[in-house]
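The lines below spell out each chain.
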Amino acid sequence: MEGTSGSLNPTTDTSGIMPEFDPKTMRSSKPGLKRLFITTSVLFSFLLGVPFLWKSVEIYRSPLPFHDIDSLSDQIESTPLRFPCNFHAVFVGFRSTDADNLRSQIQDGINQLTHLSPQCGSCSFSLSVTIQNPAEQCSETLGHNPSSCSYRCGMIKSNDFGVGLDDTVDESLNDVFSGCSANSRKMYSVVVVNKENANGEDEVKAVVGKRRHAWIVGSGLEERNDDMVSRVSEIFVKMFMNGGRDEDSIHGEFMPVGSDGRIVLSFSLLNSNPRDWVYDWDFQRIDDALLAPVTKALAPIANISVESQVLYHTPKSSFSSWDEQLQSYIFRTSDLPFFVNSNEWHLDTSAGASGRSKILQFVVYIPSGSECPLLLQLPNGEISKTNGFISPMWGGVIVWNPGNCDKDSESPIRNTISPQDIEQIVEIFLGQFRQLFGFKSEAIYTSVLGTYKILPSERGFTEWELDVLSRKHTCFNLHSCSTTLSSLSKLVRSLPRMIIKDEIGEQVKYSLKAAKLAQSNASLGGYSSSASSSREARSLAENAFFHPSIMSVSYFSYEHCFAVYSPFFLPVVAHVVLAALREWKRYRQEKAKYLTWLTRKKTA
Amino acid sequence: MLADDMACNARNEYPAQVFNNENHKLNLYGDNVEVDYRGYEVTVENFLRVLTGRHENAVPRSKRLLSDEGSHILLYMTGHGGDEFLKFQDAEELQSHDLADAVKQMKEKRRFKELMIMVDTCQAATLFNQLQSPGVLAIGSSLKGENSYSHHLDSDIGVSVVDRFTYYTLAFFERLNIYDNASLNSLFRSYDPKLLMSTAYYRTDLYQPHLVEVPVTNFFGSVMETIHTNSAYKAFSSKTSNSKINSEMPLNQLSEDDELQKANIPNDELKTEKQKCPYTQMRVDLQEKLEKLENVDTVVNLSIAVMFIVVMVSSSLL
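Since we're looking at a predicted model, the values are computed, not measured. (Residues numbered from 1 in each chain as written. Chains lettered and ligands numbered in written order. Predicted model: local features only at pLDDT ≥ 70, side-chain atom pairs only at ≥ 80, totals over all residues. Heavy atoms only, no water.)

## Brief notes about the overall build of chain A
And then number 1: A tally of helices and strands in chain A yields 13 helices and 18 strands.
And then number 2: Reported as C-alpha extents along the three principal axes, the dimensions of chain A are approximately 155 × 80 × 40 Å.
And then number 3: In chain A, which comprises 604 residues, the proportion classed as buried is 49%.
And then number 4: In chain A, 80% of the contacts between residues at least 6 apart in sequence involve partners at least 24 apart.
And then number 5: Surface accessibility of chain A: about 29100 Å² in total, with carbon and sulfur atoms responsible for 55%.
And then number 6: Charge-centre separation for chain A: the mean point of 58 positive side chains lies 19 Å from the mean point of 66 negative side chains. (Helix = DSSP H or I, 4+ residues; strand = E, 2+ residues; numbered from the N terminus. Buried < 20%, exposed > 50% of the residue type's maximum accessible area, 1.4 Å probe, protein only. Contact = heavy atoms within 4.5 Å. Areas by Shrake-Rupley, 256 points an atom, 1.4 Å probe, with all protein chains shown as cover. Lys, Arg positive; Asp, Glu negative; His and termini not counted. Charge placed at Lys NZ, Arg CZ, Asp CG, Glu CD.)

## Quick look at the packing of aromatic side chains
Residue and element names in this part refer to chain A.
And then number 1: Following the criterion strictly, the structure yields 37 aromatic pairs over all chains and no others.
And then number 2: Judged by centre distance (5.5 Å) and plane angle (75 degrees), the rings of Phe83 and Tyr527 are edge-to-face. With Phe83 in strand β1 (residues 82-92) and Tyr527 in helix α12 (residues 527-545), this residue pair connects regions lying 444 residues apart in the sequence.
And then number 3: Exposure remark for Phe83: the relative accessible area of 0% places this residue in the buried category.
And then number 4: The buried category is assigned to Tyr527, whose relative accessible area is 1%. (Phe/Tyr/Trp six-rings, centres within 6.5 Å; stacked < 30°, edge-to-face > 60°.)

## Some thoughts on the sheet that holds strand β12 (residues 358-366) of chain A
And then number 1: Spatial strand order, β9(A)-β7(A)-β12(A)-β15(A)-β14(A)-β10(B): 6 strands in an open sheet with mixed pairing. Since the sheet does not close on itself, it has two edges, and those belong to β9 (303-312) of chain A together with β10 (227-228) of chain B, each with one partner.
And then number 2: Two strands pair when backbone bridges link them, and strand β7 (residues 262-271) of chain A and β12 of chain A are joined in this way by 9 bridges, in the parallel orientation. Directly across from Val264 of chain A, in β12 of chain A, lies its bridge partner Ile359 of chain A. (Pairing = 2+ DSSP bridges.)

## Section: the sheet that holds strand β1 (residues 72-78) of chain B
All names here are of chain B.
And then number 1: Here we have 4 strands laid out as an open sheet, ordered β1-β5-β6-β9, and mixed in their pairing. Looking along the sheet, the strands with just one partner apiece sit at the ends: β1 and β9 (201-203). Strand-to-strand twist in this sheet, taken as the mean axis angle between neighbours without regard to direction, amounts to 10 degrees.
And then number 2: Of the strand pairs in this sheet, strand β5 (residues 114-120) and strand β6 (residues 136-140) are connected by 5 bridges, and their pairing is parallel. Each residue of the ladder has a partner; that of Met118, found in β6, is Ile139. (Axes fitted to C-alpha atoms, helices over the stretch in contact; angles between N-to-C directions.)

## Details of unusual backbone geometry
And then number 1: The omega torsion across Cys372 of chain A and Pro373 of chain A is -15 degrees, close enough to zero to call that bond cis.
And then number 2: Summarising the element assignment, Pro373 of chain A is placed in the loop between β12 and β13 (374-377).
And then number 3: The phi dihedral of Gln89 of chain B is positive, around 55 degrees, even though this residue is not glycine.
And then number 4: Along the polypeptide, Gln89 of chain B turns up in the loop between β3 (85-88) and β4 (92-95).

Take a look at the structure:
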């Protein structure tokens, strides 16, 4: 470069020897990469760290089978679960031989009674009819699968009926039909016996037994064919399909099984004023002799355990009034809602029941001397035969008056309730227990066509009632399981940053497996096995849904995660990126300058 | 749930006592009051756990809401609050969307049939803005932008003892007796905005039954639905034999026990196989023999005496 004079007039003086050098647009040396390298390496190391940061804020979510859950719930919604039942009607002492006609008549009768849409847990039945004429020859309907269960002609004799106790008739019929209980398909039978006109009575007696058969005995039944057909269809539908209740389904208020499949029966003997008298009971013997058959019978439906306590100083909170005519203290049905005194009656003190079992309280209340005898008056003025009432899903109360209401002026004697009284109390308790499950407490069913006597079983429920319970509970459990699982999947999907533990995934998997098993057992006709697997499915689904870690309060959204980390990284990252960009721009500029210098040099 | 910040306050002259009135007649911590969550256990998380039912397995039944699909629940909340929140323990807040979410989950799991929410805070009506589940009835002591005020000051203790909304609610119930069939409508109509100094607002769009037909005992008073038991189930009376408790076990029970015993036999066979080892066999035999002996003590005494003699003899021989 020439001296400063050159810079004054650069263009005119320096042409020819050296190309013009404009520091703004040219540079003579190649631009170095060091600055760019430093800034981009810092940026690059930040970028390298991003996957590690992502991994560290990742949360563990066990994969749930959403697709399976959705398909299970669709399946249960669309096709109501139906169980296969076999119905068999035997007509003894009838002269006609047209079994198929009778069969179609009975089928029409049944269809009329079940004309509503098929409810979940109802029967898809197959009907067969056998007619045995007085000469003990039989005609049967065609199409009935000949299995070991088919009725051998002549086994039922019309002389068996009408004499002796109904229990013995029941046992003898059981011998006839017992080959069927071994099969998985349950066979329900109705025997209609037309006796010869023995004593001229016109009365028709209908009895439903303790197993799976019923019988109607009368004379002159062949003439009243339509009547018989309707009574037979009524037994099939109202008794064997619906359990002696009028509605087809049991409401949720009468399914007192806890969500872990357990029920705890808590018996309390309440001495309302121990200064008057103190009563005790031998509960161990009650449990062994009277309650054990009941708990065993209900084993497929719920795992039942029993506990008891005796309490003292437990007054009731409602009032009673003295009635001169009845010579006793009266309380009314309007007092019943206030009877249980939750302040003073410390009933729910079970240590054995876990959080999700259902506890049913059965209270035997012994009134104090100032209210003895205490009787319940119904709205129609009658006195209650049982002195007891239930509250659905809570339990039942029985008021038991000591036989002798005279108070002893000395210190109270400790009495034990006598075994006869205990039996009466347990009978009332069984009636209440049946009510809590949606059945009637009395053993009789009345309809427009007549009354049916139902033989009571010492297990609290007859076998056909247990079948109805198994079917309805299977249905309810499966429905509950599918709604729980779909609520769970909706909840999990709505909180994308909630941790799902492995335990929850396992429980959902096993619950789906148990539900499928229950459905397949139901279609094969295994009532108790489907009831127990559906109970397991429901309990696993509830365990998964109520897992304590699923609390939305503890987990935050993506925006929150961003808001937590951005003050740390965003300012620095912004600076680094800007610096890298600036260096890159500068490098390009310098490179362009260098290239113009080179081209100038070349052209010059 | 009671935070007990006043009852257990160091500056409270009447420790562990809370009165509803300045005349100190009624101690609200009476004999039969059951408080399940108190003090530091009163948190938003525990509250939502109680509502939704998501407890740890070890939580006892008394700390759970054991409701089912036929239950009527009364939820009463009071304290400091504001626009869409309620303050817990001066440290946390319960947001209206958390409450609405918990109620929605409760309804999905059928944990209630009817739910009544009463809120007594400032701007209380905003707390149930986001509710959408059916079967919920909600009443708040004030609208958005209004404050709720306390009723009177207890100069002895130095703080106000009861809020206006709560005071007038209690006054309504004090006027009723057990057989009055007062309806919820009469309860809600009894709130006078002039006396409350705020507007008690209630929302019934999610609640189907008409308020005139709903008795207050639906939610207040712990009243149960009852059904009379018509008859006993005569399972035992039909038998003419003796009372079942005193009789022998019936035959079918015995046969079932036989079946159980048959199932146990394979286990017994396993056990006998294990005992074929000679040493254990010897010990078992010895044990059986010892058990058969009538008087083990005399044998032991005799053997000790024999040992003593042997020792004496052998030591004297040496």
